[in-house]
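# Overview (structure and organization)
Next come the chains, spelled out residue by residue.
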Amino acid sequence: SAVIAECELRAEEAALVSEVTSTQGFARYERVDLRRAVRMLLRLVSLALLYSPLALGVPLALALGGLVPALEDALWAYALRAVHMSGPAFIKLTQWASSRNDLFPVKFCQTFQQLHDHVPPHPWRLTERVLRAELGEDWGAQLQLQPDVIGSGCIAQVYRGRAVADAKSGRRVDVAVKVIHPGVEAIVEVDIDIIRTVAQVLSRIPALKWLSLPDVVEDFALQMFWQLDLRQEARNLARLHANFAKDDAIVIPEPFPRLSSRDLLVESFQPGVPISTFIDSSACDARARKELSRLGMNSMAKMIFMDNFVHCDLHPGNILVAGRSGSLRMVFLDAGIVKELRPDTHKLMLNIMQAFLQWDGTQAGRLMVENAQEQHCADMDGFCGGIQKIIDDSKHMPFFQHFGEYTVSIFNLACTHQVKLEGNFITIALAMKICEGLSIRLDPQIQMVQGCIPWLFKAQLSHGITISDVLFDTHGVTMAALKNLTIS
């Protein structure tokens, strides 16, 4: 469509800028820069001072063994405030962690889920400065904004307004307007340098080398940097909007590229209530919770297996719910972080997944080793045997019916046998883990693997990968079901 074409053009311009910027210093870790080193040191001192009350208070609270609840509450409150003040990179990491209530304590998740909704906004005068710079002094002729912030994330904040959709008729429509926080780029740059340094240090530990931590951090850094250029998000929204155009149950805001720029994004306004309303309230209809859990699982499976274009930031703060039980719709917001695999890498992932479904750990293990970025696997049979054990255990243990647990076990095995997994696989796996955490909180009984199998089969057929009749029969899937496969 014309919207996608225009967004692609603007995104290509942004990509050229980011490429030049990255080679000049932001994404180039190898270059020694004294000024950056000094900034890192000052930032580390600042973070150390910020978290020093926790360093003193947490051991005291543990020693008291819960005898002073007020102290514990104060420490949790301070921890939330400290993360708020730590900057976008650390907020993003904590947002991911708080969505994984199966991996982190309940109190941790309950406390840091507030990061999704309550990042302090910047003043209106700074927003006006951005509007004048991007749209001109007469920006009000094109855009009418309500000054109250309706959402504030760690990169930008959002307003509701009305924009001219058709220059000829002057027709206006409801829009959401995202404005980058001033000065956020400098903070992200320093924090990414710190995270890179930590990843480099950890990767020197033999047991952790094969997790590809530096590669994952580099991918995270690039995604964070792209979030600082809203032309990239406009492109992502346009493509996601096209991918889900035939699925009424998933709503993606449509961008207005004519009014969008590096620091400003104008998109269609989509009403809804936060999905956390359904997660946190026991009064919500159980059927609605199951419906939303299924929608989340199916949409993620479609993005990973069919579209090969994955929204990698679907924490609860980026999902709204519209409609009524039986015809609910999910609204996906904030598409700044996406992942797209190379076609050959995507096909490899499908082949590995098929080997898992065929209970063939030897084939899955060999595909992983033969296509690894780096490997010193002295015991191929041992690695493949470990993969086979994971598959065999999944037949009998519901614990392994979740993709997240598959990936954790595989990562541990890769470390043991010194197989450096494809970094992009890890990014996709983390996105799946976030979705899994959300789906489980909505419906603890959901079977992620069984729900994703039809999408995997459909993707394999589209790639020309042969699927045996036995595999269809084993998992109860028919060709007719694949043809009629939908999100809802």
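Scope of this entry: the structure provided in the associated data block. (Residues numbered from 1 in each chain as written. Predicted model: local features only at pLDDT ≥ 70, side-chain atom pairs only at ≥ 80, totals over all residues. Heavy atoms only, no water.)

Within the chain, the regular secondary structure consists of 19 helices and 12 strands. Per-residue burial for the chain yields a buried fraction of 52% across its 488 residues. In the chain, of all internal contacts separated by at least 6 residues, the share reaching a separation of at least 24 is 70%. Accessible surface, the chain as shown: approximately 22400 Å² in total, 58% of it carbon and sulfur. (Helix = DSSP H or I, 4+ residues; strand = E, 2+ residues; numbered from the N terminus. Buried < 20%, exposed > 50% of the residue type's maximum accessible area, 1.4 Å probe, protein only. Contact = heavy atoms within 4.5 Å. Areas by Shrake-Rupley, 256 points an atom, 1.4 Å probe, with all protein chains shown as cover.)

Attention shifts here to the pattern of salt bridges. When the charged atoms of two side chains with opposite charge come close together, those side chains can pair. Scanning the entire structure with this criterion turns up 15 salt bridges. Note that R39 is salt-bridged to E189, the shortest N-O span being 4.0 Å. Note that R39 is positioned in helix α2 (residues 34-64) and E189 in helix α7 (residues 184-203), a separation of 150 residues in sequence. Salt bridges sharing common partners tie together R160, R162 and D174. (Salt bridge = Lys/Arg side-chain N within 4 Å of Asp/Glu carboxyl O.)

The strands making up a sheet associate through backbone hydrogen bonding, with each pair oriented either parallel or antiparallel. Taking strand neighbours across the sheet as the criterion, the 4 strands line up as β4-β9-β8-β6 in an open arrangement whose pairing is mixed. Each edge of the sheet is formed by a strand with only one pairing partner; in this case those strands are β4 (250-251) and β6 (273-274). Two strands pair when backbone bridges link them, and strand β8 (residues 319-322) and strand β9 (residues 329-332) are joined in this way by 4 bridges, in the antiparallel orientation. Following the sheet pairing, V321 is matched in β9 by M330. Of the strands in this sheet, β4, β8 and β9 touch helix α11 (residues 286-307), which is tilted by about 50° from β9. (Pairing = 2+ DSSP bridges. Axes fitted to C-alpha atoms, helices over the stretch in contact; angles between N-to-C directions.)

Once that is clear, we can look at the packing of α7 against helix α8 (residues 213-227). Taken N-terminus to C-terminus, the directions of α7 and α8 make an angle of 170°; their axes are 9 Å apart at the nearest point. Overall, the two elements α7 and α8 adopt an arrangement that is roughly antiparallel. Facing α7, whose interface residues are E185, V188, I192, I195, R196, A199, Q200, L202 and S203, α8 presents L213, P214, V217, E218, F220, A221, M224 and F225. In terms of residue class, the contact of α7 with α8 is made up of 12 nonpolar, 2 polar and 3 charged. (Parallel < 35°, antiparallel > 145°, perpendicular 65-115°, else oblique. Nonpolar A, V, L, I, M, F, W, Y, C, P; charged D, E, K, R; others polar.)

A word on unusual backbone geometry. Its identity as a non-glycine residue notwithstanding, D334 has a phi of 55°, on the positive side. Relative to the helices and strands, D334 resides in the loop between β9 and β10 (338-339). Residue D334 is classed as buried on the basis of its relative accessible area of 16%. For Q418, which is not a glycine, the phi torsion comes out positive at approximately 60°. Within the secondary structure layout, Q418 lies in the loop between α15 (403-417) and β12 (419-420). We classify Q418 as partly exposed; its relative accessible area is 33%.

Note that H181 resides in the loop between β3 (171-180) and α7. For H181, the side chain forms a polar contact with the main-chain oxygen of G153, separated by 2.8 Å. Not counting the four nearest positions on each side in its chain, H181 is found in contact with P120, P121, H122, S152, G153, C154, I155, A156 and Q157. (Polar contact = N/O pair within 3.5 Å; in protein donor to acceptor, adjacent residues only side chain to side chain.)

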